[in-house]
Amino acid sequence: MKIGFNKPYMVGKELWHIAQAHHRGYLAGGGEFTRLCQRWLEQQTGAEMALLTHSCTAALEMAALLADLQPGDEVILPSYTFVSTANAFALRGAVPVFVDIREDTLNIDENLIEAAITPKTKVIVPVHYAGVACEMDTIMDIAGRHNLLVVEDAAQGLMSTYKGRPLGTIGHMGALSFHETKNIISGEGGALLINDPAYIEGAETTWEKGTNRKKYNCGEVDKYTWVSLGSSYQPSELIAAFLYAQIEEAESITERRHDLWNNYHRAFAEAEAKGLTRRPIIPHGCGHNAHMYYLLMPEADKRKAIISALSDKEIHAVFHYIPLHSSPAGKRYGRANGTFEVTDSVSQCLLRLPMWIGLEDQQRNVIDAVLENIS
Ligand SMILES: *Cc1c(COP(=O)(O)O)cnc(C)c1O
């Protein structure tokens, strides 16, 4: 028995779509499959505009450019997140300001945000961990009162909602990932959702390497030229072709992941009741996409013991983020605001279990192996 932590799920039509792109002979970015994916994202989420990128990291970098950050400007985000959430803004010379997370969702603690705001604060970046929404009403209210931009890191959040609204569409912008470890995939891939129309024109030029090529293509200008900062953010049409096959199956992929997630959740209810572990908490009003199943162990040693016991059975379970506030680059480029009890504890005690379509047949083995070693 060998059970990996992740196994990319192919829906079956990916190569067929790629063959179509090949047949058409158009392989660069911005082709028919790119348009189809973007239209689907706009319809699915209700975003004003969706632009495919080659990663969520790239989408966050676009958002940082659009925020027009100056060196020394500050961006508030959780310490418990992936590197790109901070790095995209640090690349612009901005200072990531880290705050602690909530104990229940492991998302940014919205009650700590105001204390971290200074006259230099420009952006708040909520990260929807495990596809479970941050407390967006409070965050948008704080942003409104302090005139801040909100860029949602919704890398894990496609098909999740907050009070009925798709993640990535509540802030001014939202970034999605289609990395092979996410639910809907293209190997590498991402998208920037633009919700505030004020950023649409800027987003288009940034996406087109800083040129007004879109206006040229539409006949609005007679030559295209360099008009702003930008870069090469578009995925090839081959990637978009692959992705389009996946998004056609987004509903069924989400359903199948929910079945797996619910199996785990039921199986560990008793252990939680006995105080041996803590299961994920989904607050009222959050519709989640079953991106991840994790357990919070009471202590770091317990997690270590389970990871190694599972490893002996060739089951690959893993920990997650190393806090950014105490990382070498976090200390060099960022600032820690307040204390990080929850971040540090979760970083040491959180255990992620295998979660992929196709695991159904072997999921019982994972559950049994965890239960055998949990007491
Ligand atoms: C996966 C992930 C990213 C990075 O996504 P890429 O598409 O690999 O660039 C950023 N933030 C979070 C929270 C993620 O989970």
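Quick caveat, the model's predicted, so the values are computed rather than measured. (Residues numbered from 1 in each chain as written. Predicted model: local features only at pLDDT ≥ 70, side-chain atom pairs only at ≥ 80, totals over all residues. Heavy atoms only, no water.)

**Some thoughts on the overall build of the protein**
In step 1: When helices and strands are tallied, the protein shows 15 helices and 13 strands.
In step 2: For 375 residues, the compact-globule formula gives about 21 Å, and the C-alpha radius of gyration of the protein, at 21 Å, lands near that figure.
In step 3: Within the protein, the fraction of its 375 residues that count as buried is 55%.
In step 4: A sequence separation of at least 24 residues applies to 70% of the contacts in the protein between residues at least 6 apart.
In step 5: Accessible surface computed for the protein: about 16100 Å², of which carbon and sulfur atoms make up 51%.
In step 6: A distance of 3 Å separates the average location of the 34 positive side-chain charges in the protein from that of its 45 negative side-chain charges. (Helix = DSSP H or I, 4+ residues; strand = E, 2+ residues; numbered from the N terminus. Rg over C-alpha atoms; globule rule 2.2 N^0.38 Å. Buried < 20%, exposed > 50% of the residue type's maximum accessible area, 1.4 Å probe, protein only. Contact = heavy atoms within 4.5 Å. Areas by Shrake-Rupley, 256 points an atom, 1.4 Å probe, with all protein chains shown as cover. Lys, Arg positive; Asp, Glu negative; His and termini not counted. Charge placed at Lys NZ, Arg CZ, Asp CG, Glu CD.)

**A few points about the layout of surface pockets**
Space left empty within the atom packing is revealed by a probe, the size of a water molecule, rolled over the atoms.
In step 1: Computed from the structure, the largest pocket encloses a volume of approximately 620 Å³.
In step 2: Secondary-structure elements contributing two or more residues to the lining of the largest pocket are helix 3 (56-66) and helix 4 (83-90).
In step 3: Split into classes, the residues belonging to the lining of the largest pocket amount to 13 nonpolar, 14 polar and five charged.
In step 4: In this structure, the lining of the largest pocket is formed jointly by two domains, domain 1 (14-248) and domain 2 (250-374), each of which donates at least three residues.
In step 5: In this structure, the second largest pocket spans a volume of roughly 320 Å³.
In step 6: In terms of lining residues, the second largest pocket is bounded by 18 residues, among which G30, R35, Q38, W207 and K214 are the most central.
In step 7: Listing elements by their share of the lining of the second largest pocket, those giving two or more residues are helix 2 (32-45), strand 1 (49-53), helix 7 (200-207) and helix 8 (213-217). (1 Å grid on protein atoms, 1.4 Å probe; cavity = no way out; pocket = protein on both sides within 12 Å on 5 of 7 lines; lining within 4 Å. Points joined across faces, edges and corners; volume = space filled by probe spheres on them. Nonpolar A, V, L, I, M, F, W, Y, C, P; charged D, E, K, R; others polar. Domains from an automatic or database assignment.)

**Brief notes about the pairing of strand 4 (residues 121-124)**
In step 1: Pairing of strand 2 (residues 74-78) with strand 4 involves three bridges; the strand directions are parallel. Note that in strand 4 the partner of I76 across the bridge is I124.
In step 2: Relative to strand 5 (residues 149-153), strand 4 runs parallel, the two sharing two bridges. Looking across to strand 5, one finds that I124 is bridged to V150. (Pairing = 2+ DSSP bridges.)

**Some remarks on the domain arrangement of the protein**
In step 1: For the protein, the assigned domains are domain 1 (14-248) and domain 2 (250-374).
In step 2: A separation of 25 Å is found between the C-alpha centroids of domain 1 and domain 2.
In step 3: Taken together, the contact pairs 47 residues of domain 1 with 39 residues of domain 2.
In step 4: Counting the surface lost from both domain 1 and domain 2, the interface buries some 3400 Å², and carbon and sulfur atoms represent 58% of this.
In step 5: The three residues of domain 1 that bury the most area against domain 2 are Y80, F98 and N183, which together make up 20% of that side's buried surface.
In step 6: Among the ionic pairs, E74 bridges to R335, the shortest N-O distance being 2.8 Å.
In step 7: Here domain 1 is connected to domain 2 by 23 residue pairs in polar contact (both at pLDDT 80 or more). (Buried area = accessible area lost by both parts, 1.4 Å probe. Salt bridge = Lys/Arg side-chain N within 4 Å of Asp/Glu carboxyl O. Polar contact = N/O pair within 3.5 Å; in protein donor to acceptor, adjacent residues only side chain to side chain.)

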